[in-house]
Amino acid sequence: MTATTIQPGAPKVRGSDPDLQARYFHIADDAPLDSISGERPRTLHYGVGGRWKASKSTRTMPCHDPSTGAVIARAPQCTAEEVEEAIDAAVKAFPAWRDTPVTVRAQVMFRMKALLDEHLDELTRLCAQENGKKWDEAKGDILKVIEVVEFACGAPQMMKGESLFNVSSGYDTVQFREPMGVFAGIAPWNFPAMIPQGWMVPICVVTGNCMVLKAASYAPQCALRITELWKEAGLPDGVLNIVTTSRNEAEIFLRHPAIKGVSFVGSTQVGLHVYATAASNGKRVQALTEAKNHALVLSDAVLERTAQGIINSFCGCAGERCMALPVVVVENKIADALVEMIVSLAKGMKLGAAYDKASDLGPVVNEGHKSFVLGWIDTAIKEGAKLVLDGRNPKVAEGCDKGFFIGPTIFDHVTEDMTCGREEIFGPVLCIKRVDSFEEGLKVMNANRFANGSVIYTESGHYAREFAYRTDGGMVGVNVGIPVPLGVFGFTGHKQSFFGDLHCMGRDGFIFYTETKNVTTTWFTGKAVPAKVSTWDGTMTRG
């Protein structure tokens, strides 16, 4: 699974199963040519028990190159039987992987980190091609996988328990953290590498669990390719299994008795369903959902640097990230100047192919999502927001005229009765709300039902501290437009941006994927046998 140059008609694996495949995809010699690229799309497979298999499903999802509009692959919508097969493979692999010493499991992480470094450019290009992130953003998507894999190398330290001699006379207690079994990961399309293969897989498997990963059908190839690298790193067969399927088949994860927990990233509506259904079936759940992050810009802010930060924060990744900055709340006395700066910077952005390193802004993921974002722009206009920069018909680089591009779009004078300023748009659209003071601005921000991130731009230590203490946001930036913490801290959304008790990554991540066992011991040798054993069997220290 180390080859990076793929020839059409990749061979099948010899053996008794006609559905076995050599890699995560093949290119059929008789597949129709794509009308835009003139090339044959890849046919993608699912991974189960360390093997790639062709799905028996007749349903597929087209995967586009958002920069050109070409169909580059077709993802199978795996059947319920194939999802069950993946779960069964994980269940079979769990006992041996659980019993593998954590130091040995950590060695897989070290090897995986080296492989990700080796294949960084390949994975960056794949991410840019299937998702539309421009080159440095796509590279960051992969680097965030590496970041969590590096953190997972410390599993022996993170999994250490606690102990205490003489909890009562002659009794000792040791607390252990143990793996639980099989987990399901349900990933979105907006970070096709970081979320499934960074947020979900490394901590799950290094703690001794197995995982069945549902990759996003729109953009699954990064997750599939990295699964190949996990096998090369020495992860045993069945520890990680991967499928692409519809929501109907994904329901199996929420109810299957062998699934101990579910990690989900997606919309709030679906996240609530995942949380309620899986929890009611006795599973652990972490559901990371939508956001409408706000930044408060005070009159003492350094305007030029603030404007640059806002451009990066609302246009970065084409606005398709739950830590984007789609709303700016600005004090009236500087609002006109700030809006002018932001508009000027936005007008200078070059829209082009995601894998062209000269591009400043890439496309959104597909035509359906482009229509969704354009619908929100129309809604904002109807609601009375002032359109100061229209990105609906942008100029794009040569060869990108059929791509899914939306230029930077800016609305001023957005008020609290407008849905465009309250709900997630998930595109390069900025809403500007005007206020007269810090207190008014903070009130506007905290009124939103989402609370992933919140930002303040100011040079005042007093207001920065007040903001950090009083904001509802779970990840707070002081002059930092995208305050995503390192994986060692975890991703800590609040309110309707998160449902669950334990966040992904950080210490929470290790707790989520393990359960606690307390072992209390005493020894009778050399002791007088008591006339009677107490109700608490000697562990009570109060008479």
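So, a few notes on the structure that sits alongside this text. Just so we're clear, the structure is a prediction, and the values are computed from it rather than from any experiment.

Comments concerning the layout of surface pockets
And step 1. Considered as a void within the structure, the largest pocket measures approximately 1100 Å³ in volume.
And step 2. Contributing to the lining of the largest pocket are 35 residues, with W189, R247, G266, S267 and V270 lying nearest its centre.
And step 3. Going through the elements one at a time, α8 (247–255), β13 (259–265), α9 (268–280) and α12 (367–383) are the ones with two or more residues in the lining of the largest pocket.
And step 4. Here the lining of the largest pocket is composed, by residue class, of 17 nonpolar, 13 polar and five charged.

Some remarks on the side chain of D34
And step 1. The topology assignment puts D34 in the loop between β2 (25–26) and β3 (42–44).
And step 2. Buried charge D34 goes without a salt bridge, the closest partner of opposite sign being R74 at 6.5 Å.
And step 3. In terms of polar contacts, D34 uses its side chain to reach the backbone amide nitrogen of S37, at 2.9 Å.
And step 4. Excluding residues within four positions of it along the chain, D34 makes contact with E39, P41, A70 and V71.

Quick notes on the pairing of strand β22 (residues 475–478)
And step 1. Burial along β22 is one-sided: the face carrying M475 and G477 is buried and the face carrying V476 and V478 is not.
And step 2. Bridging between strand β21 (residues 453–457) and β22 involves four bridges; their strand directions are parallel. Bridge pairing in β22 places S454 opposite V476.
And step 3. Note on the crossover from β21 through helix α14 (residues 461–470) to β22: the handedness is right-handed.

A closer look at the pattern of salt bridges
And step 1. This model, assessed by the stated rule, comprises 23 salt bridges.
And step 2. Where E85 meets K53, a salt bridge forms, and the shortest distance between an N and an O atom there is 2.9 Å. Note that E85 is positioned in helix α1 (residues 80–99) and K53 in strand β5 (residues 51–53), a separation of 32 residues in sequence.
And step 3. Judged by relative accessible area, E85 falls into the partly exposed class, the value being 23%.
And step 4. Taking the relative accessible area as the measure of exposure, K53 reaches 8% and is therefore buried.
And step 5. Look at the salt bridges and you will find they share partners, linking R23, E122, R225 and E228 into a network.

Observations concerning the sheet that holds strand β19 (residues 429–435)
And step 1. In spatial order, the strands read β17-β18-β19-β16-β15-β21-β22; together these seven strands make up an open sheet with mixed pairing. For this open sheet the edge positions go to β17 (386–389) and β22, each flanked by a neighbour on one side alone. Between one strand and the next, the sheet's axes are offset by a mean angle of 20°, whatever the strand orientation.
And step 2. Its contacts with the sheet place α12 against β17, β18 (409–412) and β19, and it is angled at close to 25° to β18.

Considerations on the packing of α8 against α9
And step 1. Running from amino to carboxyl end, α8 crosses α9 at an angle of 35°, the nearest separation of the two axes being 8 Å. Crossing handedness for the pair α8 and α9: right-handed. Taking contact as the criterion, the partners of R247, E251, L254 and R255 in α8 are, on α9, V270, H273, V274, T277 and A278.
And step 2. A class-by-class count of the residues in the contact of α8 with α9 yields four nonpolar, two polar and three charged.

Looking at empty space enclosed by the protein
Any empty space left between atoms is shown by rolling a water-sized probe over those atoms.
And step 1. Tallied over the full model, the rule gives four cavities of 30 Å³ or more.
And step 2. Roughly 140 Å³ of volume is contained in the largest cavity.
And step 3. In terms of lining, the largest cavity is formed by 16 residues, of which the most central are G50, R51, T227, K231 and L240.
And step 4. Elements represented by at least two residues in the lining of the largest cavity include exactly β4 (46–48), β5, α7 (221–232) and β12 (240–243).
And step 5. Roughly 90 Å³ of volume is contained in the second largest cavity.
And step 6. R321, A324, P326, E424 and F426 are the residues nearest the centre of the second largest cavity, which is lined by 14 residues in total.

Description of the packing of aromatic side chains
And step 1. Taken as a whole and assessed by the stated rule, the structure comprises 10 aromatic pairs.
And step 2. Aromatic side chains W199 and F491 sit 4.6 Å apart centroid to centroid with 40° between the ring planes, which places their arrangement in the tilted category. Placement of the pair is W199 in helix α6 (residues 194–206) and F491 in the loop between β22 and β23 (494–495), with a sequence separation of 292 residues. Taken as a pair, W199 and F491 share a single burial class, namely buried.

Notes on the packing of α1 against α8
And step 1. Axis separation between α1 and α8 bottoms out at 9 Å; the angle between their running directions is 35°. Helix-helix and strand crossings are classified by hand; for α1 and α8 the assignment is right-handed. Here α1 contributes A80, V83, E84 and I87 to the contact with α8, which in turn contributes E249, I252 and F253.
And step 2. Classifying every residue of the contact of α1 with α8 gives five nonpolar, no polar and two charged.

A closer look at the environment of R51
And step 1. Within the secondary structure layout, R51 lies in strand β5.
And step 2. With 187 residues separating them in the primary sequence, R51 and G238 have C-alpha atoms 8.7 Å apart.
And step 3. Ignoring any residue separated from it by four or fewer positions in sequence, one finds R51 in contact with L20 and Y46.

A closer look at the nonpolar core
And step 1. Counting residues in each nonpolar core, the largest one holds 105 residues, and the members touching the most others are L116, W199, M200, M211, W230, F253 and F491.
And step 2. A total of nine residues in this core trace back to one element, the largest contributor, which is α6.
And step 3. When residues no more than four places from it in sequence are discounted, the contact partners of F491 are W199, L288, C322, M323, N452, M475, V484, H503, C504 and M505.
And step 4. In terms of nonpolar packing, the next biggest core, distinct from the first, is built from 59 residues, V297, A346, V414 and L430 among them.

Details of unusual backbone geometry
And step 1. Phi at A318 is positive, roughly 55°, even though this residue is not glycine.
And step 2. In this fold, A318 is placed in the loop between α10 (303–315) and β16 (327–331).

Remarks on the environment of A295
And step 1. When you line up the elements, A295 lands in strand β15 (residues 294–297).
And step 2. On the basis of relative accessible area, A295 is assigned to the buried category, the value being 0%.
And step 3. Not counting chain neighbours up to four residues away, the residues in contact with A295 comprise L325, V327, V328, V329, M445, V455 and Y457.

Rules used in this analysis
Residues numbered from 1 in each chain as written. Predicted model: local features only at pLDDT ≥ 70, side-chain atom pairs only at ≥ 80, totals over all residues. Heavy atoms only, no water. 1 Å grid on protein atoms, 1.4 Å probe; cavity = no way out; pocket = protein on both sides within 12 Å on 5 of 7 lines; lining within 4 Å. Points joined across faces, edges and corners; volume = space filled by probe spheres on them. Helix = DSSP H or I, 4+ residues; strand = E, 2+ residues; numbered from the N terminus. Nonpolar A, V, L, I, M, F, W, Y, C, P; charged D, E, K, R; others polar. Buried < 20%, exposed > 50% of the residue type's maximum accessible area, 1.4 Å probe, protein only. Lys, Arg positive; Asp, Glu negative; His and termini not counted. Salt bridge = Lys/Arg side-chain N within 4 Å of Asp/Glu carboxyl O. Polar contact = N/O pair within 3.5 Å; in protein donor to acceptor, adjacent residues only side chain to side chain. Contact = heavy atoms within 4.5 Å. Pairing = 2+ DSSP bridges. Right-handed = clockwise from strand over helix to strand, strands pointing away. Axes fitted to C-alpha atoms, helices over the stretch in contact; angles between N-to-C directions. Left-handed = near helix turned anticlockwise from the far one by under 90°. Phe/Tyr/Trp six-rings, centres within 6.5 Å; stacked < 30°, edge-to-face > 60°. Core = buried A, V, L, I, M, F, W, Y, C linked by side-chain atoms within 4.5 Å.

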